[in-house]
Amino acid sequence: MTSRHFLTLLDFSPKELKQLITRASELRTMQNNGVIYEPFKSKVLGMIFEKSSTRTRVSFESAMIQSGGGAIFLSSKDTQLGRGEPVADSAKVLSRMVDIIMIRTFEHEKLETFARNSSVPVINALTDSYHPCQLLADMQTYHEHRGDISGKTVTWVGDGNNMCHSYINAARQFDFHLNIACPAGFEPNAKLVQDNKDRVSLFRSPKEAVEQSSLVVTDVWASMGQESEQDQRVNAFSGYQVNSDLMSLAEKDALFMHCLPAHRGEEVSEELMEATDSVVWDEAENRLHAQKALLEMLLGTWTPHS
Ligand code: CP
Ligand code: NVA
């Protein structure tokens, strides 16, 4: 099928991604100024969730409502998808009824199968492998606070998980260098690292990794689906907490981000969450504006100025 999808950051060109985050900031200003703008009138977003969510669900749903359209929340518990209806069949049927679909699921391959069988655009709202929507908000937030991220060093501290993988793609698309500090056995996908070896450096020591970094990012040590490994992971990641002491080794104006939900006292200290270098609340809010810009691009209601 011929629709354009957003399954990873590589589905958009670096130029389009830049235009998207600039547009997201414009949409933020419009929203904050109370401007009524309804480009999605009569458009419907289908939202399939096979994992929990607060930010992703509310930001997509609000984005559609504020823009004049609607959204339908589909939990796998309550749909035939959760009772074994083939993914391809679900995609063929749903895409005849809605204008655009977002999915949060486990295997990335399931999302790809869905997209191959969908006649409307499909958005990755998190898989075990990638979380590209979060990166749109993160890049918008960095840009709003510090300007262009190209040429800077960013450090990821913690698990080589879906967020880390999307940071590797972001390093390539937004032209920055990514240091990754993780314990042995928790490295990101080896092929992804190899394919981006000019942009990515692996470290064991968070202290060494954050030197000269303009942005430090972390995430939970046990992602959704890994709950049974929580205790083992807390041991493995001891020494990998991001706190103000660690931030003091980064660049003077370095920012801290976390996609949330956060486990205070584990991957991030209580004090850093509210410290002046933390932009986690803007980052969370920007999910709304960045996804509006993404929906505009995929629905074709806005075309970037060249
Ligand atoms: N960051 C993020 O995706 O949050 P939710 O799991 O609450 O959607
Ligand atoms: N890595 C986390 C991100 C949550 C938004 C998870 O997959 O659970």
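As a reminder, the structure under discussion sits directly above these lines.
These remarks concern the structure in this document. On a predicted model such as this, the values are computed, not experimentally measured, just so you know. (Residues numbered from 1 in each chain as written. Chains lettered and ligands numbered in written order. Predicted model: local features only at pLDDT ≥ 70, side-chain atom pairs only at ≥ 80, totals over all residues. Heavy atoms only, no water.)

Each helix and strand counted, the chain has 12 helices and nine strands in total. Along the three orthogonal principal directions, the C-alpha set of the chain runs to about 50 × 45 × 35 Å. Buried residues in the chain amount to 54% of all 306 residues. When the accessible surface of the chain is split by element, carbon and sulfur atoms take 48% of a total near 13,100 Å². (Helix = DSSP H or I, 4+ residues; strand = E, 2+ residues; numbered from the N terminus. Buried < 20%, exposed > 50% of the residue type's maximum accessible area, 1.4 Å probe, protein only. Areas by Shrake-Rupley, 256 points an atom, 1.4 Å probe, with all protein chains shown as cover.)

Moving on, we come to the site of ligand 1. Taken together, Ser53, Thr54, Arg55, Thr56, Arg104, His131, Gln134, Cys259, Leu260 and Arg287 make up all the residues around ligand 1. For ligand 1, an oxygen atom lies 2.9 Å from a polar atom in the side chain of arginine 55. The separation between a nitrogen atom of ligand 1 and a polar side-chain atom of glutamine 134 is 3.0 Å. When the free accessible area of ligand 1 is taken as 250 Å², the share hidden by the protein chains comes to 96%. The class makeup of the residues in the shell around ligand 1 is two nonpolar, five polar and three charged. (Near = heavy atom within 4 Å. Polar contact = N/O pair within 3.5 Å; in protein donor to acceptor, adjacent residues only side chain to side chain. Nonpolar A, V, L, I, M, F, W, Y, C, P; charged D, E, K, R; others polar.)

Before going further, it helps to spend a moment on the state of the cysteines. What the rule picks out here adds up to zero disulfides. Free cysteine cysteine 133: the closest other cysteine sulfur is in cysteine 259, separated by 12 Å. Here cysteine 182 stays unpaired: no disulfide links it, and the sulfur of cysteine 164, its closest cysteine neighbor, is 7.0 Å away. Judged by relative accessible area, cysteine 182 falls into the buried class, the value being 1%. (Disulfide = S-S within 2.5 Å.)

Turning our eyes to something else, we now look at the pattern of salt bridges. For the coordinates displayed, the defined rule picks out 17 salt bridges. One salt bridge in this structure joins arginine 4 and glutamate 16, with 2.8 Å as the shortest N-O distance. In this pair, arginine 4 sits in the segment before helix H1 (14–32) while glutamate 16 sits in helix H1, placing the two residues 12 residues apart along the sequence. With its nearest N and O atoms 3.3 Å apart, the salt bridge here joins arginine 28 to glutamate 144. Taken together, the positions of arginine 28 in helix H1 and glutamate 144 in helix H5 (residues 132–146) put the pair 116 residues apart, joining distant regions of the chain. Judged by its relative accessible area of 15%, arginine 28 is buried. If you follow the salt bridges from partner to partner, you end up with Arg28, Glu144, Asp282 and Glu285 in one network. (Salt bridge = Lys/Arg side-chain N within 4 Å of Asp/Glu carboxyl O.)

Let us look at the site of ligand 2. Surrounding ligand 2, one finds Leu126, Asn161, Asn162, Asp219, Ser223, Met224, Cys259 and Leu260. Separating a nitrogen atom of ligand 2 from a side-chain N or O atom of asparagine 161 is a distance of 3.4 Å. For the shell around ligand 2, the residue count by class is four nonpolar, three polar and one charged.

The final tally for this structure, using the stated rule, is six aromatic pairs. With a centroid separation of 5.8 Å and an interplanar angle of 40 degrees, the aromatic rings of tryptophan 156 and tyrosine 167 are classed as tilted. Taken together, the positions of tryptophan 156 in strand E5 (residues 153–157) and tyrosine 167 in helix H6 (residues 162–174) put the pair 11 residues apart, joining distant regions of the chain. Classification of tryptophan 156 as buried rests on a relative accessible area of 0%. Site record: aromatic cluster; members linked through ring pairs are Phe186, Trp221, Phe237 and Tyr240. A cation over an aromatic ring shows up here: arginine 4 above the ring of phenylalanine 12, its NZ or CZ 4.3 Å from the ring centre. For arginine 57, the ring lying beneath its charged end belongs to phenylalanine 73, and the centroid distance is 3.7 Å. (Phe/Tyr/Trp six-rings, centres within 6.5 Å; stacked < 30°, edge-to-face > 60°. Lys NZ or Arg CZ within 6 Å of the ring centre and 35° of its normal.)

What follows concerns the sheet that holds strand E9 (residues 255–258). One open sheet accounts for five strands, arranged E7-E6-E5-E8-E9; its pairing is parallel. In the strand order of this sheet, the two ends are held by strand E7 (200–203) and E9, each with one partner. Shown here is a sheet whose adjacent strand axes are inclined to one another by a mean of 20 degrees, direction ignored. Inspection of the sheet shows strand E8 (residues 215–218) paired to E9 by four bridges, in the parallel sense. In the strand pairing of E9, valine 216 is matched with phenylalanine 256. (Pairing = 2+ DSSP bridges. Axes fitted to C-alpha atoms, helices over the stretch in contact; angles between N-to-C directions.)

So, on to unusual backbone geometry. For the bond from leucine 260 to proline 261, the omega torsion is 5 degrees, close enough to zero to count as cis. Backbone geometry at aspartate 175 places phi at a positive 65 degrees, although glycine is not the residue there. On the secondary structure map, aspartate 175 appears in the loop between H6 and strand E6 (177–181). Classification of aspartate 175 as partly exposed rests on a relative accessible area of 38%. Positive phi is not limited to glycine here, since leucine 260 has a value of about 70 degrees. One can find leucine 260 in the loop between E9 and helix H11 (270–273).

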